[in-house]
Amino acid sequence: MFEKIAKMLTRFINRNDMMPTETNVDVIKTTSNLRFYNDEFVFDTVSGMFYLLTPTAGFLLRSLDSGLPLNSLVNQLQKQYNVDKDRAIRDVELFINDLVSLKITHFSDKQYSLAGV
Amino acid sequence: MTVVAISGLHRGENPQPGASVIASLKRSFKDIRIVGLSYDSLESGIYNHDESRPDASYLLPFPMIGPDALWERLKEILDKEKIDFMIPCLDSEISNMISLEPKLNKLGIKCILPTEKSLKNHSKQNLYKLCKKIDVSAPETKVINNAWELESYANEATYPVYIKGKFYGAELVTWKQDFIRAANDISQLWGWPIITQEAIFGDEYDITGLGDGEGNVIQLCSIRKMLITSKGKAFGGIVVEDPELDELARRIIKELRWNGPFELEFIKKPNGKPTLLEINPRFPAWIDFPSQIGCNLPARLMERFLDVEEPTPLRDCSAGQMFIRHSVDVVGDIKDLADIARNGERVNSPLIKELDIA
């Protein structure tokens, strides 16, 4: 009877550092109806869905929710978790795929891209 | 003292709204007497001891017997109780109540009910047509009127499909043999027609509110069903603020010019599009949840009965407020059951005039 609380990504640990590179990429918009409870629980006020987050997923989702461009998000991920750039890009992409499938993220007009970051 | 008659007192696996409506009213009105109307001497609300306890309970004939039998029984009850208002809380009662409304009004008993036309248009049989007219997504529906139609439709149906009774009962079937068995089960219980409905899967949302009969909504409360019982009932819910759902609800109520309480049941498909599954012509069983957070819709209904010029403001239900149902054991004695089974009534709080005589 009880539904499972979805757990989000836990991929963001023990990565090698690489200097960030600024490029122009789209801003991913969250549903902008997210309510955070620390970095570990988020509630979507429109869908009524809620999720338990890893601290890293919480950090990324908060950053996206505040409108941070994707390239900056990759940079922040590199800085915060000491991972190399390729890994950071891949992890951000995977994370966003998860957000899209959970309908936490939407795109205002065009598909997002990390190409060229 | 105002006396309100309320039905739907059972709070079992498939809970009825009456006890929640009583609790909501008692929260706002102190000088009130509740007359419970039951169809079964084992309805749990008859024996309750908390704030949803009726002051007296009376058994009624089943709604399917029709308005005449109900009227005869109400006259007997009215010899003992002076009823001011009636709030029917079961889908199957509304048609009888509409039939009896003129007679009740003559006796000074008020009801707030949808019109016959609204009731017809909201029904499961007509829901798809209604939704198509106002561009609201709804599952494809087929009405099966008799056993002859059943056999031929069972061959054509796209499975899985839901089979529903006209008021109650729903079963998801996946192949022809199940279809015929389930349809026969439901038709034996609730009569013909039965309704088949395209099976749609997704997250479930309920909206309750009050219509003013002019096409306006007095207030809404929308929840996502957070916990769902094996019978598909909300056992826990969380308030959502979804402008799309609100707009759909207002469009539907405007089209129906709905008067009184309602519950709209939506499901959101994986693409996120809300689809209307059902409209229930009454408060939902979870109506005491919004009441507890400042949106007391039964109290607002009561204020309409009382012609209150400046009704108590209703708070908006804000996203994140939630309820989880908590079942409890109501203690009684076989004497209590014997009382209502023998006499068709049980009085918890005698009327003051009876006490005076004593």
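Since the structure is predicted, the reported quantities are computational estimates derived from the model, not experimental observations.

A.B. asks: Break down the overall build of chain A for me, with residues and values.
C.D. replies: Scanning chain A for helices and strands turns up 3 helices and 6 strands. Listed by position from the N terminus, the elements making up chain A come as β-β-β-β-β-α-α-α-β. Long-range contacts, defined as pairs at least 24 residues apart, comprise 65% of the intrachain contacts of chain A with a sequence gap of at least 6. Of the roughly 6300 Å² of accessible surface on chain A, a fraction of 49% belongs to carbon and sulfur atoms.

A.B. asks: Which residues make up the interface of chain A and chain B, and what values do they have?
C.D. replies: With 12 residues of chain A at the contact, the number on the chain B side is 19 residues. Interface of chain A and chain B: buried area, both sides summed, is about 1100 Å²; carbon and sulfur atoms make up 56% of it. Counting every contact that joins chain A to chain B gives 0 salt bridges. Between chain A and chain B we count 4 residue pairs in polar contact (both at pLDDT 80 or more) in total.

A.B. asks: Can you lay out the nonpolar core for me, pointing to particular residues and giving the numbers?
C.D. replies: Residues and elements named next belong to chain B. Membership of the largest hydrophobic core comes to 47 residues, with the highest contact counts inside it found for M86, L104, I252, L264, F266 and L276. Here this core gets 6 residues from one element, more than from any other, and that element is helix 8 (residues 243–256). Listed in part, the 36 residues of the second largest apolar core include I6, I46, L59 and I340.

A.B. asks: Which residues make up the packing of aromatic side chains, and what values go with them?
C.D. replies: Scanning the model with the defined rule gives 11 aromatic pairs over all chains in all. Ring geometry for Y37(A) versus F41(A): centroids 6.0 Å apart, planes at 75°, classification edge-to-face. Residue class for Y37(A) comes out partly exposed when judged on its relative accessible area of 38%. Of the residues examined, F41(A) reaches a relative accessible area of 27% and is grouped as partly exposed. The structure contains a cluster of three or more aromatic residues connected by ring pairs, namely Y37(A), F41(A) and F50(A). One residue, K268(B), lies across the ring of Y205(B), its end atom 4.5 Å from the ring centre.

A.B. asks: Got a sec to walk through the sheet that holds strand 8 (residues 170–173) of chain B? Specific residues and values, please.
C.D. replies: Residues and elements named next belong to chain B. Pairing is antiparallel across the open sheet formed by 4 strands, whose spatial order is 6-9-7-8. Since the sheet does not close on itself, it has two edges, and those belong to strand 6 (141–144) and strand 8, each with one partner. Shown here is a sheet whose adjacent strand axes are inclined to one another by a mean of 25°, direction ignored. One ladder, built from 4 bridges, connects strand 6 with strand 9 (residues 194–198); its direction is antiparallel. Bridge assignment links I144 to a residue of strand 9, and that residue is I194. Of the strands in this sheet, strand 6 and strand 9 are in contact with helix 6 (residues 147–156), which crosses strand 6 at around 145°.

A.B. asks: Mind laying out helix 11 (residues 334–343) of chain B, listing which residues take part and the relevant values?
C.D. replies: Put simply, D333(B) is the residue that caps the front of helix 11 of chain B, since its side-chain oxygen is 2.8 Å from the backbone nitrogen of K335(B). In the segment just after helix 11 of chain B, G344(B) is the residue with positive phi, at about 70°.

A.B. asks: Hey, could you go over the pairing of strand 3 (residues 34–37) of chain A for me, with residue numbers and the actual values?
C.D. replies: Residues and elements named next belong to chain A. Burial along strand 3 is one-sided: L34 and F36 are buried, and none of R35 and Y37, which face the opposite way, are. Direction of pairing for strand 3 relative to strand 4 (residues 41–44): antiparallel, over a ladder of 4 bridges. Residue pairing for strand 4: F36 is matched across the bridge by V42. A loop of 3 residues connects strand 3 with strand 4, the two strands running antiparallel in sequence, and N38 in this loop sits at a positive phi of about 55°.

A.B. asks: Outline helix 3 (residues 85–101) of chain A, supporting the account with residue identities and numerical values.
C.D. replies: Residues and elements named next belong to chain A. When the terminal C-alpha atoms of helix 3 are compared, their 24 Å separation across 17 residues agrees well with the 24 Å that a helix rising 1.5 Å per residue should span. All of the buried residues along helix 3 are K85, A88, I89, D91, V92, F95, I96 and L99. Angularly, the buried residues of helix 3 cover 165° about the axis, an arc narrow enough to put them on a single face. Facing away from the buried side of helix 3 by more than 90 degrees, the exposed set consists of D86 and S101. Among the residues of helix 3, the N-terminal cap falls to D84, whose side-chain oxygen and the backbone nitrogen of D86 are separated by 3.2 Å.

A.B. asks: With reference to specific residues and values, describe the sheet that holds strand 4 (residues 85–87) of chain B.
C.D. replies: All names here are of chain B. Taken in spatial order, the 6 strands make up an open sheet running 5-4-1-2-3-16, and their pairing is mixed. Of all the strands in the sheet, just strand 5 (110–111) and strand 16 (345–347) have a single pairing partner and so form its edges. Inspection of the sheet shows strand 4 paired to strand 5 by 2 bridges, in the parallel sense. Looking at the pairing, F85 lines up with K110 of strand 5.

A.B. asks: Any details on the side chain of S24(B)? Residues and values, ideally.
C.D. replies: Residue and element names in this part refer to chain B. Tracing the chain through its elements places S24 in helix 1 (residues 18–28). By relative accessible area, S24 is classed as buried at 0%. Within the structure, the side chain of S24 is placed 2.7 Å from the side chain of S291, a separation counted as a polar contact.

A.B. asks: Summarise the pairing of strand 11 (residues 217–228) of chain B; cite the residues concerned and give the values.
C.D. replies: All names here are of chain B. The element strand 11 is largely enclosed, with a buried count of 10 among its 12 residues. Where strand 10 (residues 203–212) and strand 11 come together, 7 bridges link them in antiparallel fashion. Counterpart to D206 in the pairing with strand 11 is I223. Count of turn residues in the strand 10/strand 11 antiparallel hairpin: 4 residues, of which G213 carries a positive phi of about 85°. Two elements, strand 11 and strand 12 (residues 234–239), share 5 bridges in a ladder whose sense is antiparallel. Paired with R224 across the strands is I238, a residue of strand 12.

Reading the values: rules and limits
Counting from 1, residues in each chain are numbered in the order their sequence is written. Key to labels: chains lettered from A, ligands numbered from 1, both in the order written. At least 70 in pLDDT is required for a residue's local features to be given in this predicted model, at least 80 for side-chain atom pairs to be given and counted, and no such filter applies to totals for whole chains, interfaces and linings, which use all residues. Side-chain descriptors were evaluated using all non-hydrogen atoms of the structure, hydrogens and water having been removed beforehand. Numbered from the N terminus, helices here are DSSP runs of H or I no shorter than four residues, and strands are runs of E no shorter than two. Between two residues, a contact is recorded if the distance between any of their heavy atoms is within 4.5 Å. The protein chains shown are the only cover counted for residues, whose accessible areas, like all others here, come from Shrake-Rupley with a 1.4 Å probe. Note on definitions: buried area is the accessible-area loss of two parts on being combined, 1.4 Å probe, summed for both. Salt bridges, as used here, are contacts in which a Lys or Arg side-chain nitrogen is within 4 Å of a carboxyl oxygen on Asp or Glu. Between N or O atoms, a polar contact is any pair within 3.5 Å; within protein, one atom must be a potential hydrogen donor and the other a potential acceptor, and residues adjacent in sequence are included only when both atoms are from side chains. In these notes, a set of buried Ala, Val, Leu, Ile, Met, Phe, Trp, Tyr and Cys residues joined through side-chain atoms within 4.5 Å is what counts as a nonpolar core. Buried means the residue's accessible area, taken with a 1.4 Å probe over protein chains only, is under 20% of the maximum for its type, while exposed means over 50%, and partly exposed covers the values in between. Each aromatic pair joins two rings of Phe, Tyr and Trp (for Trp, the six-membered one) with centres within 6.5 Å, and gets the label stacked for planes under 30 degrees apart, edge-to-face for over 60, and tilted for any other angle. Placement of a positive charge over a ring is assigned whenever Lys NZ or Arg CZ falls within 6 Å of the ring centre and within 35 degrees of the normal to the ring plane. Pairing between strands requires that DSSP locate at least two bridges from one strand to the other. Helix axes use the C-alpha atoms of the stretch in contact, all axes being lines fitted to C-alpha atoms, and the angles between their N-to-C directions lie in the range 0 to 180 degrees. Helix span, as expected, comes to 1.5 Å for every residue beyond the first. Arc, as used here, means the arc of the directions from the helix axis to the C-beta atoms.

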